[in-house]
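# Commentary on secondary and tertiary structure
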Amino acid sequence: MSANKIKEREKISCPVEYAVSVLSGKWKLRILHALTKESPKRFKELEREISGITATMLTTQLRELERDGMIEREVFATVPPTVEYRLTEFGKTTAPMMNEIKNWGLLLKARMTGSDHIK
C-alpha cells in the first residue's frame, strides 16, 4: 500500500469505512476465510483453494494482510523455502464476522436460486 493510501486511511473516522479499507478487494475476505477454516496454510494450499487468484496477487494480498496485523508468516529453511501463513490473535477476531458472511451468502444464494436447501 502506498504512503498516500495509508495517510488517507488515517483520516477515516467511520469504523465501518476503516474496516472496509483494510478488508476491501476481491481476495482478502477469501484469504481470511481460508485461514479461518484451517490455519496455518502453505502458500500453494492458499493458491489452490482460492480459485482465480494469481501467485502475484496472492503475494500482494498476503503482504497487505501481514502489514495490517491480520496474518503472520513463517519461513522454513528448506529448498525451496516453505512458507506458512496463519491468522494472528487479532486476525482470529474476524472469525465470527467470516461465519456471519458465510451464512448470509448461503441465504442470499438460496434466495437468488430459489432453493430452500441451505447447508
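Described below are features of the structure shown in this document. (Residues numbered from 1 in each chain as written. Predicted model: local features only at pLDDT ≥ 70, side-chain atom pairs only at ≥ 80, totals over all residues. Heavy atoms only, no water.)

### Quick word on the overall build of the protein
Broken down by element type, the protein carries 6 helices and 3 strands. Overall, the C-alpha framework of the protein stretches about 50 × 40 × 25 Å when taken along its three principal axes. The buried share of the protein, taken over its 119 residues, is 29%. Taking all contacts inside the protein whose residues are at least 6 apart in sequence as the whole, residues at least 24 apart take part in 43%. Surface exposure of the protein reaches about 8300 Å², of which carbon and sulfur atoms provide 57%. If the 21 positive side-chain charges of the protein are averaged to one point and the 16 negative ones to another, these points end up 5 Å apart. (Helix = DSSP H or I, 4+ residues; strand = E, 2+ residues; numbered from the N terminus. Buried < 20%, exposed > 50% of the residue type's maximum accessible area, 1.4 Å probe, protein only. Contact = heavy atoms within 4.5 Å. Areas by Shrake-Rupley, 256 points an atom, 1.4 Å probe, with all protein chains shown as cover. Lys, Arg positive; Asp, Glu negative; His and termini not counted. Charge placed at Lys NZ, Arg CZ, Asp CG, Glu CD.)

### Examining helix α5 (residues 55–67)
Along an α-helix, a turn takes 3.6 residues, which lines up residues three or four apart on a common side. Between its first and last C-alpha, α5 extends 18 Å over 13 residues, near the 18 Å set by a 1.5 Å rise per residue. The secondary structure elements touched by the buried residues of α5 are α3 (28–37), α4 (43–49), β2 (71–76) and β3 (82–87). Positive backbone phi, approximately 80 degrees, marks Gly69, located one or two places after α5. (Expected span 1.5 Å × (residues − 1).)

### Topic: the pattern of salt bridges
Enumeration according to the criterion identifies 10 salt bridges in this entry. One salt bridge connects Lys41 with Glu49, and the closest N-O pair in it is separated by 2.1 Å. Judged by relative accessible area, which is 31%, Glu49 ranks as partly exposed. Put simply, Arg73 and Glu66 hold a salt bridge, and the shortest N to O gap is 3.5 Å. Note on Arg73: relative accessible area 43%, which makes it partly exposed. Counted as one network, the salt bridges with shared partners bring together Arg42, Glu74, Glu84 and Arg86. (Salt bridge = Lys/Arg side-chain N within 4 Å of Asp/Glu carboxyl O.)

### Describing the nonpolar core
Core analysis: the biggest nonpolar cluster contains 20 residues, and Ile31, Leu32, Leu46, Leu62, Ile71 and Tyr85 have the highest contact counts within it. Of all the elements in the fold, those that place two or more residues in this core are α2 (15–23), α3, α4, α5 and β3. Top element by residues in this core is α3. It accounts for 4 residues. Among residues more than four places away in sequence, those in contact with Ile31 are Ile50, Leu58, Gln61, Leu62 and Leu65. (Core = buried A, V, L, I, M, F, W, Y, C linked by side-chain atoms within 4.5 Å.)

### What about the pairing of β2?
The pairing of β2 with β3 spans 6 bridges and is antiparallel. Bridge assignment links Glu72 to a residue of β3, and that residue is Arg86. What sits between the antiparallel neighbours β2 and β3 is a turn of 5 residues. (Pairing = 2+ DSSP bridges.)

Function cannot be read off these values alone, since they describe shape.
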